[in-house]
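Descriptive structure summary
For reference, the chains in residue letters:
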Amino acid sequence: SAVISQKPSRDICQRGTSLTIQCQVDSQVTMMFWYRQQPGQSLTLIATANQGSEATYESGFVIDKFPISRPNLTFSTLTVSNMSPEDSSIYLCSVGGYGEQYFGPGTRLTVT
Amino acid sequence: GIQVEQSPPDLILQEGANSTLRCNFSDSVNNLQWFHQNPWGQLINLFYIPSGTKQNGRLSATTVATERYSLLYISSSQTTDSGVYFCAGPSSGTYKYIFGTGTRLKVLA
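Please read these numbers as outputs of a predicted model, since none were measured by experiment. (Residues numbered from 1 in each chain as written. Chains lettered and ligands numbered in written order. Predicted model: local features only at pLDDT ≥ 70, side-chain atom pairs only at ≥ 80, totals over all residues. Heavy atoms only, no water.)

A short note on the pairing of strand E7 (residues 59-64) of chain B
Residue and element names in this part refer to chain B. Heads up, the condition is: Exposure classes here rest on a 1.4 Å probe applied to the protein chains alone. A residue is buried below 20% of its type maximum, exposed above 50%, and partly exposed in between. To qualify as a helix, a DSSP run of H or I must reach at least 4 residues; to qualify as a strand, a run of E must reach at least 2; elements of each kind are numbered from the N terminus. Whether two strands pair depends on DSSP finding at least two bridges between them.
Among the 6 residues that make up E7, 5 are buried, leaving the element largely enclosed by the rest of the structure. Bridging between strand E6 (residues 52-56) and E7 involves 5 bridges; their strand directions are antiparallel. Across the sheet, the residue bridging to Gln 55 is Ser 60, located in E7. The hairpin formed by E6 and E7 contains 2 residues between the paired strands, and Gly 57 there has a positive phi angle of roughly 65 degrees. Where E7 lies against strand E8 (residues 69-74), 6 bridges are found, and the strand directions are antiparallel. The residue of E8 that forms the bridge with Ala 61 is Leu 72. Between E7 and E8, which pair antiparallel in sequence order, lie 4 residues; one of them, Arg 68, sits at a positive phi of approximately 60 degrees.

Some points on the sheet that holds E8 of chain B
Residues and elements named next belong to chain B. Put simply, the rule is: For helices, the fitted line uses only the C-alpha atoms of the stretch in contact; every axis is such a line through C-alpha atoms, and the angle between N-to-C directions lies from 0 to 180 degrees.
Taken in spatial order, the 5 strands of this open sheet run E1-E3-E8-E7-E6, and their pairing is antiparallel. A strand with exactly one partner marks an edge of an open sheet, and here the two such strands are strand E1 (4-7) and E6. Recorded for the sheet is a direction-independent mean angle of 15 degrees between the axes of neighbouring strands. Relative to strand E3 (residues 19-25), E1 runs antiparallel, the two sharing 4 bridges. Paired with Glu 5 across the strands is Asn 24, a residue of E3.

Thoughts on the state of the cysteines
Keep this limit in mind: The disulfide criterion used throughout: a pair of cysteine sulfur atoms within 2.5 Å.
One pass over the structure, following the stated rule, counts 2 disulfides over all chains. At a sulfur-sulfur separation of 2.0 Å, the disulfide partner of Cys 23 of chain A is Cys 93 of chain A. Around the S-S axis, the bridge from Cys 23 of chain A to Cys 93 of chain A shows a dihedral of about 75 degrees and counts as right-handed. One end of the pair, Cys 23 of chain A, is in strand E3 (residues 19-25); the other, Cys 93 of chain A, is in strand E9 (residues 89-95), and 70 residues separate them in sequence. A relative accessible area of 0% places Cys 23 of chain A in the buried class. With a sulfur-sulfur separation of 2.0 Å, Cys 23 of chain B is cross-linked through a disulfide to Cys 87 of chain B. In this structure, the disulfide formed by Cys 23 of chain B and Cys 87 of chain B twists by about 80 degrees around the S-S bond and is classed as right-handed. Residue Cys 23 of chain B is located in strand E3, and its partner Cys 87 of chain B is located in strand E9 (residues 83-90); the two are separated by 64 residues in the primary sequence. For the pair shown, Cys 23 of chain B and Cys 87 of chain B are each scored as buried.

Next comes the structure, spelled out in structure tokens:
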């Protein structure tokens, strides 16, 4: 299993600003993933963050809005840029490849 | 892409009751997991169950991969079982987990 931490756990931000979310894993992993969960909805994959290469974004998500960094095998960041109230969601990182996936505790973002 | 449907969407139980949650996939999946999201938003791994049956205390799960469905059984439900239950899995040949629509469970004391 993997132990994953995220910072911050929650934040309230003003529209037009940006927030960077950090994800730290207690072991080296090849693939890390970022998900968004809008209020009352299921989880949607934003992108796959691979160390040493550009992140791979899912349909409907773009790098300019959600830039991702993956500087090493235990850490990744997701930035939510130029925020609007529609970005209010829980953002979760996860690790796992073709096997079991593990999730961080999430970052609850509210944009006012 | 793969579609994952869960039923029922909402469920209200009295404490002590049993329930069965269902997860249907539109295509074959390599793996399948069940998660419980507690009221604070944390996603907790319940079962990693690509096929067969597993049990953990009051919970058990069965996946019939050939028929593209999985079931989660909750027995003697408790108020702490409240929350949202998700199933998820990657479509065949990929590693990207697709989440179901979820079942929102409320257990009344």
